[in-house]
Amino acid sequence: MLGILYVGVKRSEFFDSIATMLRNSIIAAVLILALSGAASFVAMRRLMLPLGTLGNVMQKIAEGDLSQNVPMTERTDEIGRMATSVNGLLAAARQKVTLEEEARRNEEAAQAERRRNDRERQQAAEALQSQSDDLATVLHVLEHGLTELSAGNLAYRIQDDVPPDYARLVVDFNKAL
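Numbering of residues begins from 1 in every chain and follows the order in which that chain's sequence is written. Two thresholds apply to this predicted model, a pLDDT of at least 70 for residue-level local features and 80 or more for giving and counting side-chain atom pairs, whereas whole-chain, interface and lining totals are computed over all residues. Side-chain measures here rest on the full set of heavy atoms in the structure, leaving out hydrogens and waters.

Visitor: Outline the overall build of the chain, listing residues and values.
Guide: Strands here are runs of E lasting at least two residues and helices are runs of H or I lasting at least four, both read from the DSSP assignment and numbered beginning at the N terminus. Counting its regular elements, the chain contains 3 helices and 0 strands. In the chain, the order of α-helices and β-strands from amino to carboxyl end is α-α-α. It is over C-alpha atoms that the radius of gyration is taken, and the globule rule equals 2.2 Å times the number of residues to the power 0.38. The C-alpha radius of gyration computed for the chain amounts to 52 Å, which surpasses the reference 16 Å derived for 177 residues by more than 25%, pointing to a less compact arrangement than a globule. Counting all 177 residues of the chain, 13% fall into the buried class. For the chain, long-range pairs separated by at least 24 residues make up 45% of all intrachain contacts whose partners lie at least 6 apart in sequence. A simple rule labels every residue: compare its accessible area, found with a 1.4 Å probe on the protein chains alone, to the largest value its type can have, and call it buried under 20%, exposed over 50%, or partly exposed in between. We call two residues contacting when some pair of their heavy atoms lies within 4.5 Å.

See the structure below:
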């Protein structure tokens, strides 16, 4: 059975109440959407601002500025764990720089020691060469003197200059005759 049920409400009042409910629903939906958007913005900002700060610190560290202090290491969330990890990397980088500087200083000290040893060896070699030259000169002078003596020249005296360390030998040779 089909039929029409008649309610004693005027048509205009019925449509006005529907329009009011529709308008109120649209206003409520817009308010809910605005509040949701604002809450999402605040939540995203709360999450992204620390990441941006941490990212800036990481960028400075990557550029070689190891004087940075890593913020947010006291946090107990993921951002705090990331900050703690970056802080560990920073400490390792600082230690690496310290070790490299120490190695450079040690290398410079070793090079200076090698140069000093080389100079000392060179001086010792020059001193030995000088002594050898002096000894050769003295031997040549004595050889000539002995040759003169063996030829029967008993009046021969060494008149040649000899190094000061061997002057006594010449004096003794000349006194012996």
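Don't stop here, the text continues.
Visitor: Before we move on, can you summarise the environment of D134 with the specific residues and values?
Guide: Relative to the helices and strands, D134 resides in helix α2 (residues 78–150). Between the alpha carbons of D134 and Q111 there is a distance of 34 Å; along the sequence they are 23 residues apart.

Visitor: Give a description of unusual backbone geometry that names residues and reports values.
Guide: In this structure, M72 is a non-glycine residue whose phi angle is positive, near 70 degrees. In this fold, M72 is placed in the loop between α1 (11–62) and α2.

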